[in-house]
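A look at the structure
What follows is the residue order along each chain.
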Amino acid sequence: MKKATSATALFNYEVKELNSTTWPDYEKFFAKHNGVQGGCWCTFYHHTEGRLLKEGLERKDAIALNRREKKTLVKQGRSHGILVYAGDRAVGWCQYGRKEELPRIDSGRNYGKLDLSADQGQKLWRLTCFFVDRDFRKKGVARVALKAALDSIEKQGGGIVEAYPPTSKEGGSWSLWFGTVAMYEREGFKAHAELGEKHLLMRKTLA
């Protein structure tokens, strides 16, 4: 377990990778917040075509399906992320993964318009989701999670790391699952392209 201190608040946090061992902590954390983002359980970007809840199922059954799917992906090593702990409980989350693991981004209308041919032959990583416990917001948790995710990506060989923060405040805090422009700028990300009128593609290369 790695320890980290928030730069914006006097809190000591610890970080762990999501895996079968830490799944119970993740499960408890997400269950506290009803599966997060309408019951997604952070499965949305694993699909080539995004869906929050599967059609034809009652809401509670669709949410339960997302939870089971996430657990299966974790067990298979096909879902990666960082859990941030305060004491013995998880209070923050950052999902990251290779391009192939999070294909929903490729299906985005604005992303699909970009000329990214120069990426061929390079490792491409994605940062798609942040979530912080309601009792720990504005206490540096997301920044700790981001730093830990970048450290993990670097240890796994590095490459291009992408983020997709909003440039508009429309939607309020609920829309900030991508993180913020300022948060990424602090970690050395640069604007790469506009994604429509409300989001920005930011990138950083880790050797």
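Overview of the structure. (Residues numbered from 1 in each chain as written. Predicted model: local features only at pLDDT ≥ 70, side-chain atom pairs only at ≥ 80, totals over all residues. Heavy atoms only, no water.)

A separate point is the packing of aromatic side chains. Following the criterion strictly, the structure yields 18 aromatic pairs and no others. With a centroid separation of 5.2 Å and an interplanar angle of 35 degrees, the aromatic rings of tryptophan 23 and tyrosine 26 are classed as tilted. Highlighted residues: tryptophan 23 and tyrosine 26, both in helix H1 (residues 23–32), separated by three residues, approximately one helical turn. In this structure, tryptophan 23 and tyrosine 26 share a single accessibility class: buried. Ring centres 5.7 Å apart and planes at 35 degrees place the aromatic pair phenylalanine 30 and tryptophan 41 in the tilted group. You can see phenylalanine 30 sitting in helix H1 and its partner tryptophan 41 sitting in the loop between H1 and helix H2 (59–75), a full 11 residues away along the chain. Taking the relative accessible area as the measure of exposure, phenylalanine 30 reaches 1% and is therefore buried. (Phe/Tyr/Trp six-rings, centres within 6.5 Å; stacked < 30°, edge-to-face > 60°. Helix = DSSP H or I, 4+ residues; strand = E, 2+ residues; numbered from the N terminus. Buried < 20%, exposed > 50% of the residue type's maximum accessible area, 1.4 Å probe, protein only.)

This next bit is on H1. Looking at H1, one finds that the buried residues are Trp23, Tyr26, Phe29 and Phe30. Relative to the axis of H1, the buried residues are bounded by an arc of 130 degrees and lie together on one face. Tucked inside the fold, the buried residues of H1 contact H2, strand E3 (80–86), strand E4 (89–98) and strand E5 (124–132). One or two residues past the end of H1 sits asparagine 34, with phi positive at roughly 55 degrees. (Arc of directions from axis to C-beta. Contact = heavy atoms within 4.5 Å.)

This part takes up the state of the cysteines. Applying the stated rule across the entire model yields zero disulfides. Just so you know, cysteine 42 is unpaired, no disulfide at all, and the nearest cysteine sulfur is the one on cysteine 129, 3.5 Å from it. Sulfur of cysteine 94: no disulfide; nearest cysteine sulfur belongs to cysteine 129 and is 8.4 Å away. (Disulfide = S-S within 2.5 Å.)

Inspection of the entire model under this criterion finds 12 salt bridges. Across the pair aspartate 119 and arginine 203 runs a salt bridge whose closest N-O atoms are separated by 2.6 Å. Of the two residues, aspartate 119 is situated in the loop between helix H3 (109–112) and E5 and arginine 203 in strand E8 (residues 199–206); the sequence distance between them amounts to 84 residues. Residue classification places aspartate 119 among the buried residues on the basis of a relative accessible area of 14%. Given a relative accessible area of 10%, arginine 203 falls into the buried group. Across the pair lysine 147 and glutamate 187 runs a salt bridge whose closest N-O atoms are separated by 3.3 Å. (Salt bridge = Lys/Arg side-chain N within 4 Å of Asp/Glu carboxyl O.)

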